[in-house]
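# Reading the structure
Spelled out, the chains give:
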Amino acid sequence: MRDLRIAVGKSGSGFDVRLPRSLKAERHGDVAVLLLARPEKRNAIDDPTVFGIEAFFAGVPDGVKAVVLAGEGDHFCSGLDLGELSARDVAQGIAHSRSWHRAFEHIEFGKVPVVAVLHGAVVGGGLEIAAACHIRVAEDTAYYALPEGSRGIFVGGGGSVRLPRLIGTSRMMDMMLTGRSYDAEEGQAIGISHYLVAPGEGLAKGIELAKRIAGNAPTTNFAVTHVLPRIAQSDPAAGYLTEALISAIAQADEEAKSRLKAFLEKRAPKVVHRSAVHRKPARNKTLRNKT
Ligand code: 1HE
C-alpha cells in the first residue's frame, strides 16, 4: 500500500489524513468529495481502502459540512476485494467484517451527511457502502446486485442490517438467493436511489445536493442523520419522547432562531415545488377565447 498524505483544503484547514492510493479526496468549499479510485479493479474494496474510508470519515474537518462519495471509472464499486478472501480463517473473517462495520459506521453516524453517487456496478459491498450513505444519486447506468450468494459467502459490511430497511428483507433474500439484479430505474422504484440522472451527471448532482445539505443548520443535519434513524427504530413512546427532546434542542439553537426571524422578516426563501411556478392567471387569453 502506498500512503499518500493528502491535505484537503488549500488553507490546511485541519483536514489531514493518510489515504491509500485507492482513495482520492477533493475539497469543494464546504463539501468534500471522496472517490473510490481503483478503477483497474472496478473499485473493489481491499483492507487499505476500508481503513482509509474509516480514517477519512473520522477525520472530516469542521469546515466540511457534507461529503460526496463516488467512484472513478465505469463502475461505482464491485464490492469486497475477492482476492483477499481466501487467506482468512474464521476469526480473521469476523475481524474483517467488523472492520467494515466500523468504517461504515463512520459514514452513517459520522460528523456530516454523505451523498453517494452511483454508476455502473453497485454490487456486494458496493451496495453495502451505498446503503450506509444518507442520500443516493444514481446515474442510469447503475445496477445493483448481491453476488455473495453465488460466491458462497454472505454480506459482511452491514448489508443485512441496512438493506432490509432500504428495500425489505424479502427483496434482499431474492437478490441473494437467485442472483437477481436491479437496473437504475428499478432501483429508483424500490427505493435504493433518491435521484436518477443521466450518465455523467451524477457527480454534479451529488455536489449540488451536498451544497444544499451543507447550508442546513448543523443541529438539524445531526438530528436527521443521528436521531431520526434511532427514533424510527424505537418504540413509539420512546420515539415521541426523543422527538420532543431533539426538536426542543434544535429550535433553541441560535441558528434556528435567526433562520425563523429571517423568514418572518421576509428575507428567507419560501417553500415552492419545482413545477408550481405561480403565474398570474392568463385572463386576457381566457377572455379572448370566449369572444
Ligand atoms: C476484482 C473485483 C472484486 C473486479 N475483487 N478483483 N463482488 C463481485 O462478485 C463482483 C465481481 N466483479 C464483477 O462481476 C465484474 O468485475 C464487474 C461486473 C464489476 C465489472 O466487469 P468488467 O468486465 O468491467 O471488469 P473485469 O474484467 O471483470 O474486472 C477487471 C479487473 O478487476 C479484473 O482483474 P484483472 O487483474 O484480471 O484485470 C478483475 O479480477 C478485477 N475485479 N471485481 C477483486 N470484487 C464485506 S462483505 C462484501 C461481500 C461482497 O462484496 S461479495 C461481492 C464481490
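Residues numbered from 1 in each chain as written. Predicted model: local features only at pLDDT ≥ 70, side-chain atom pairs only at ≥ 80, totals over all residues. Heavy atoms only, no water.

Here the focus is the sheet that holds strand β8 (residues 135–139). Taken together, 6 strands build an open sheet; the order of strands is β3-β4-β5-β6-β8-β11 and the sheet is mixed. Edge positions in the open sheet fall to β3 (23–28) and β11 (195–197), since each of these has one partner strand only. Ignoring strand direction, the axes of neighbouring strands in this sheet form an average angle of 20°. Pairing between β8 and β11: 3 bridges, direction parallel. In the strand pairing of β11, Ala 138 is matched with Leu 196. Along the sheet, helix α1 (residues 47–58) makes contact with β3, β4 (31–36), β5 (66–71) and β6 (114–118), crossing β4 at roughly 175°. (Pairing = 2+ DSSP bridges. Helix = DSSP H or I, 4+ residues; strand = E, 2+ residues; numbered from the N terminus. Axes fitted to C-alpha atoms, helices over the stretch in contact; angles between N-to-C directions. Contact = heavy atoms within 4.5 Å.)

Here we take up the sheet that holds strand β7 (residues 121–123). Ordered in space as β7-β9-β10, the 3 strands form an open sheet in which the pairing is mixed. Looking at strand neighbours, the two that pair on one side only are β7 and β10 (182–183), the edges of this open sheet. Judged from the 2 bridges that link them, strand β9 (residues 143–145) and β10 form a sheet pairing that is antiparallel. Bridge assignment links Tyr 144 to a residue of β10, and that residue is Tyr 182. Across the sheet, helix α3 (residues 125–132) touches β7 and β9, and the angle it forms with β7 is around 85°.

The biggest cluster of nonpolar side chains holds 48 residues, and the ones touching the most others in it are Phe 56, Val 67, Phe 76, Ile 107 and Tyr 144. For this core, the element with the highest residue contribution is α3, accounting for 5 residues. Counting residues in hydrophobic clusters, the runner-up holds 15 residues, among them Leu 35, Ala 70, Val 117 and Ala 214. (Core = buried A, V, L, I, M, F, W, Y, C linked by side-chain atoms within 4.5 Å. Buried < 20%, exposed > 50% of the residue type's maximum accessible area, 1.4 Å probe, protein only.)

A separate point is unusual backbone geometry. A positive phi is found at Arg 42, a non-glycine position, where the angle reads about 55°. Relative to the elements of secondary structure, Arg 42 occurs in the loop between β4 and α1. Judged by its relative accessible area of 44%, Arg 42 is partly exposed. Positioned with a positive phi, Lys 266 is a non-glycine residue whose angle comes to about 60°. Structurally, the position occupied by Lys 266 is in the loop between α11 (254–264) and α12 (283–290).

Taken together, Asp 140, Asp 183, Glu 185 and Glu 186 make up a surface patch of like negative charges. With respect to the helices and strands, the residue Asp 140 is situated in the loop between β8 and β9. Residue Asp 140 is classed as partly exposed on the basis of its relative accessible area, which comes to 44%. (Patch = residues over 30% accessible without salt bridge, like charges linked within 9 Å, V, L, I, M, F, W, Y side chains within 5 Å. Areas by Shrake-Rupley, 256 points an atom, 1.4 Å probe, with all protein chains shown as cover. Salt bridge = Lys/Arg side-chain N within 4 Å of Asp/Glu carboxyl O. Lys, Arg positive; Asp, Glu negative; His and termini not counted. Charge placed at Lys NZ, Arg CZ, Asp CG, Glu CD.)

So, about the packing of α1 against helix α2 (residues 90–108). Viewed as axis vectors pointing N to C, α1 and α2 meet at an angle of 30°, and their least axial separation amounts to 8 Å. Put simply, α1 runs roughly parallel to α2. For α1 against α2, the interelement crossing comes out left-handed. The segment α1 lies against α2, with Asp 47, Val 50, Phe 51, Ile 53, Glu 54, Phe 57 and Ala 58 engaging His 96, Ser 99, Trp 100, Arg 102, Ala 103, His 106 and Ile 107. Residue classes in the contact of α1 with α2 are distributed as 8 nonpolar, 3 polar and 3 charged. (Parallel < 35°, antiparallel > 145°, perpendicular 65-115°, else oblique. Left-handed = near helix turned anticlockwise from the far one by under 90°. Nonpolar A, V, L, I, M, F, W, Y, C, P; charged D, E, K, R; others polar.)

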